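Descriptive structure summary
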Amino acid sequence: MKIKTITCHEVYNYGASLQEYALIKYLELLGHETEAIYYKPDYLSNHLNIWRVPNVSFKTPIIKHLYLLLKLPSRIGELKKKKAFDIFSEKYIKTGDVLYKSNEELKENVPLADVYICGSDQIWNSFFQNGKDPAFYLDFAPNDKLKISYAASFAIDEIEEDLKAFVKEKIKRLNSVSVRETSGVDILKQLEINATQVLDPVFLFNKEYWNDSFVFPINDKFILIYDFDSNSLIQKLALKLAKENGLKIFAVNKNIKYADSNFWQKGPEYFLSLVANAELIISNSFHAVAFSLIFNKQFLVVNRKEKINTRMRDLLALFGISNLLLNDENDTKNLTTKPINSYNSINNKMHDAIVKSKRFLKDAISS
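Presented here is an overview of the structure given in this document. (Residues numbered from 1 in each chain as written. Predicted model: local features only at pLDDT ≥ 70, side-chain atom pairs only at ≥ 80, totals over all residues. Heavy atoms only, no water.)

Some details on the pairing of strand β8 (residues 248-251)
- Bridging between strand β7 (residues 222-226) and β8 involves 4 bridges; their strand directions are parallel. Bridge pairing in β8 places I225 opposite A251.
- A crossover links β7 with its parallel partner β8, the connecting element being helix α7 (residues 232-245), and its sense is right-handed.
- Taken together, the 2 bridges between β8 and strand β9 (residues 261-262) define a ladder with parallel strand orientation. Residue pairing in the sheet places F250 in a bridge with S261 of β9. (Pairing = 2+ DSSP bridges. Helix = DSSP H or I, 4+ residues; strand = E, 2+ residues; numbered from the N terminus. Right-handed = clockwise from strand over helix to strand, strands pointing away.)

Some remarks on the sheet that holds strand β11 (residues 299-302)
- Spatially, the 6 strands line up as an open sheet ordered β9-β8-β7-β10-β11-β12, and their pairing is parallel. One side of each edge strand has no neighbouring strand; the edge strands of this open sheet are β9 and β12 (325-326).
- For β7 and strand β10 (residues 280-283), the ladder comprises 4 bridges, and the chain directions are parallel. Opposite I225, over in β10, you have I282 as the bridge partner.

Here's the deal with the pattern of salt bridges
- Taken as a whole and assessed by the stated rule, the structure comprises 21 salt bridges.
- Between K40 and E10 there is a salt bridge, with the nearest N and O atoms lying 3.8 Å from each other. Within this pair, whereas K40 is found in the loop between β2 (33-36) and α2 (61-92), its partner E10 is found in the loop between β1 (2-6) and α1 (14-29), the two being separated by 30 residues in sequence.
- The closest approach of N and O atoms between K170 and E169, which form a salt bridge, is 3.8 Å.
- The exposure class of E169 is partly exposed, given its relative accessible area of 48%.
- Bridged by salt links that share partners, the residues K107, D139, E169 and K170 form one connected network. (Salt bridge = Lys/Arg side-chain N within 4 Å of Asp/Glu carboxyl O. Buried < 20%, exposed > 50% of the residue type's maximum accessible area, 1.4 Å probe, protein only.)

Re the packing of aromatic side chains
- For the structure on display, the rule yields 33 aromatic pairs.
- Consider the rings of F88 and F214, whose centres lie 6.0 Å apart with planes at 45 degrees: the pair is tilted. Here F214 lies in helix α6 (residues 207-214) and F88 lies in helix α2, a separation of 126 residues in the sequence. Across the pair, exposure class does not vary: F88 and F214 are buried alike. (Phe/Tyr/Trp six-rings, centres within 6.5 Å; stacked < 30°, edge-to-face > 60°.)

Comments concerning the state of the cysteines
- This model, assessed by the stated rule, comprises 0 disulfides.
- Sulfur of C8: no disulfide; nearest cysteine sulfur belongs to C118 and is 11 Å away.
- You can call C8 buried: its relative accessible area is 8%.
- Judged by its relative accessible area of 0%, C118 falls in the buried class. (Disulfide = S-S within 2.5 Å.)

So, unusual backbone geometry
- G119 connects to S120 through a cis peptide bond whose omega is 0 degrees.
- Structurally, S120 is set in the loop between β3 (115-118) and β4 (146-152).
- A positive phi angle, close to 55 degrees, is found at A151, a residue other than glycine.
- Mapped onto the elements of the fold, A151 is located in strand β4.
- What makes A151 buried here is its relative accessible area of 0%.
- Of note in the backbone geometry, A155 takes a positive phi value of approximately 65 degrees without being a glycine.
- As for its position among the elements, A155 is in the loop between β4 and α4 (164-172).

Quick look at the packing of α1 against α6
- Put simply, α1 and α6 touch, their axes get as near as 14 Å, and they point 105 degrees apart. Classified by the interaxial angle, the pair formed by α1 and α6 is roughly perpendicular. Of α6, the residues touching α1 (which contributes L18, Y21, A22 and K25) are Y209, W210 and F214.
- When its residues are assigned to classes, the contact of α1 with α6 shows 6 nonpolar, no polar and 1 charged. (Axes fitted to C-alpha atoms, helices over the stretch in contact; angles between N-to-C directions. Parallel < 35°, antiparallel > 145°, perpendicular 65-115°, else oblique. Contact = heavy atoms within 4.5 Å. Nonpolar A, V, L, I, M, F, W, Y, C, P; charged D, E, K, R; others polar.)

A closer look at helix α5 (residues 182-190)
- Buried within α5 we find S183, G184, I187 and L188. All buried residues of α5 fall inside an arc of 135 degrees around its axis, so they share one side. In α5, those exposed residues whose orientation departs by more than 90 degrees from the buried face are K189 and Q190.
- As for α5, its buried residues are in contact with α4, β5 (176-179) and α10 (310-318).
- Count one or two residues on from α5 and you reach E192, which has phi positive near 65 degrees. (Arc of directions from axis to C-beta.)

What follows is the structure, given as structure tokens:
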């Protein structure tokens, strides 16, 4: 069958790129002709744009030029990151030729397919504009075509009251609904919509696949930091455990200044190799957690400042390891670089969840 997927495309985030790749690749292995819809609305089109000016007050010519001049050295580095991600996308993520910038444009020139799939990642997170965008609910897809959500994420515990009618109306049109978190199932239950909980697309492939496809050896012994918030608890933990165990600190966020080496300009392949080779991963990233689980790595998770912690919380709870989610220093007593004693129980639960996820996808496409 011909399948079109839609997700947050080219947002220059490791997890976003890898989950998009994984869903397309898995559907191809099932024998389907699959590609992503090239959807780039304005609010998702300024990632790593070196000419962006975030504040309206900066847009007078003199102030604007001074601002851009100050930012230029850092943004030249961002161009290196953009290039690494663009190379990955061009090589691994198939998209249609038509660029769409709004739901209206999608409706006027609907991408032709037998099946439309929205997901995964935070496409329904109303904390951001994409959660309010009809396109991410397949609003443009014809009524007589199969419409499926796969591992769509709200990433929050509840949606705003004034959005509930919109969300209910849009999701009711879908033929099969799955979400990534238990909290997402609960949100939809309140809207009288039945949904299946499935795993993020990156789980559709095992450790061996990711190793064989992307991972290269790294000889250093290190702790990997993936931290969006410059979190002081992550810094304290990393410095303490690195010193006690004679480990280096590697990071993949530009804002982490205490790392021995920072690889924030590298692409998704490098990220996978860092996770696969790390002695310990400390993060507040959902996909750092996901790949830590896939590679059976030692890891710790610190809650994020933004209200999007349901993703990590629900995933850890699903596999019975909620103790790895840290909120404050009271949770860090006696921590070591090996917080997981055994992966046996985790792997058994992960296997069952993967089987369930694959079954949902196959059944939804063939329904």
